[in-house]
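Remarks on the overall topology
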Amino acid sequence: MKRLFNALIISLVICGCNDNDHQDSNFSIELSSLGSSNNVVGNSISCNLSINQLCNDDHFITFSIEEGCGFVEIGEKEYKQGDVIKYPGTESKIPFIYVPTSKGTHSIIFSLKNSAKEVFASINFEIGEPKLTSTIKDIESTVLINNTTEFRLIIDTDLEYIECLPKFVKGYGEILIGDTKYAGIHSQNPVPLEKDNLILFKPTAGGENRIEFLISGKYGKSCIHTIVFIVAE
């Protein structure tokens, strides 16, 4: 489901430097987003924090999420609200990623603080529920024991990342998804999926083999696709 993107930028400018700096420069911050009109739970939103007219002092960045749930990534490091980020003072624009983990309205407030003053800026997003469905193609309903059959698992989603965890509900055998092999009744860790996935299945038990594929994003959205094979001995 698509939701309209709504970004609101509020910048509060407060005077900024100590007398020891021998200048009367003000500093301010602004938030902007490069997101699309289809922001959904689990997908990253590219943003910028712009910083203007800093003085010769240590500056620290924090943020809070007034509505919604999520986290921020700067570089390759993840930050949660309340974490203190020391600003190196060399960049006027800091790119970051906001990852929402709940749907609805999200309101994020950033602050920049030195020994004398603190300034704030906020940005709002409307976050929708992601789409996630699956289809099986090129499947044979009857296969021979210890013979390998293949089929395709097609994913229709607007999520950036999806993963799969297969499980034998009935029967026994081996499943190969990409380079990851699953054997037995209990599966290991989930494997990342593409939109179109070739899956190999080698049954080692005759009769009905029932396999569940749990397909999910990182933050709650999931679906289960069940496949039944009749294995001839």
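Placed above this text is the structure.
Because the structure is predicted, anything quoted here is derived from the model rather than measured. (Residues numbered from 1 in each chain as written. Predicted model: local features only at pLDDT ≥ 70, side-chain atom pairs only at ≥ 80, totals over all residues. Heavy atoms only, no water.)

**Re the overall build of the chain**
Test applied: Per the convention used, a helix needs a DSSP run of H or I reaching at least four residues, while a strand needs a run of E reaching at least two, with both numbered from the N terminus. Think of it in three bands: residues with accessible area under 20% of the maximum for their type are buried, residues over 50% are exposed, and the middle band is partly exposed, with areas taken using a 1.4 Å probe on protein chains only. For this analysis, residues touch if any pair of their heavy atoms sits within 4.5 Å. Using a 1.4 Å probe, the Shrake-Rupley method yields the accessible areas, and only the shown protein chains count as cover for residues.
Counting its regular elements, the chain contains zero helices and 21 strands. Across the 233 residues that make up the chain, the buried fraction comes to 39%. When contacts within the chain are restricted to residue pairs at least 6 apart in sequence, those whose partners lie at least 24 apart make up 66%. Accessible area of the chain: about 12,400 Å², with a carbon and sulfur share of 47%.

**Quick word on unusual backbone geometry**
Unlike most non-glycine residues, Asp138 shows phi in positive territory, near 60°. Of note, Asp138 is situated in the loop between strand S12 (132-137) and strand S13 (142-144). Phi is positive for Asn146, close to 65°, though the residue is something other than glycine. Examined against the element boundaries, Asn146 turns out to sit in the loop between S13 and strand S14 (149-157).

**Some words on the pattern of salt bridges**
Put simply, the test is: One speaks of a salt bridge when a side-chain nitrogen belonging to Lys or Arg is within 4 Å of a carboxyl oxygen belonging to Asp or Glu.
Counted by the stated rule, this structure contains six salt bridges. One salt bridge in this structure joins Glu78 and Lys80, with 2.8 Å as the shortest N-O distance. On the basis of relative accessibility, which here comes to 49%, the residue Lys80 falls in the partly exposed class. A salt bridge links Glu174 to Lys181; its shortest N-O distance comes to 3.9 Å. On the accessibility criterion, Glu174 (30% relative accessible area) is partly exposed.

**Observations concerning the environment of His59**
Within the element layout of this structure, His59 appears in strand S5 (residues 59-67). Residue class for His59 comes out buried when judged on its relative accessible area of 2%. In this structure, the C-alpha to C-alpha distance between His59 and Ser115, residues 56 residues apart in sequence, is 7.8 Å.

**Topic: the sheet that holds S13**
Applied cut-off: For two strands to be treated as a pair, DSSP must find no fewer than two bridges joining them.
Spatially, S13-S21-S20-S15-S18 is the arrangement adopted by the five strands of the open sheet, whose pairing is mixed. A strand with exactly one partner marks an edge of an open sheet, and here the two such strands are S13 and strand S18 (191-192). In terms of strand pairing, strand S15 (residues 163-170) meets strand S20 (residues 207-216) through seven bridges, oriented antiparallel. Residue Lys167 lies in a different strand from S20, and its bridge partner there is Glu212.

Shape is all these values report; function is a separate question.
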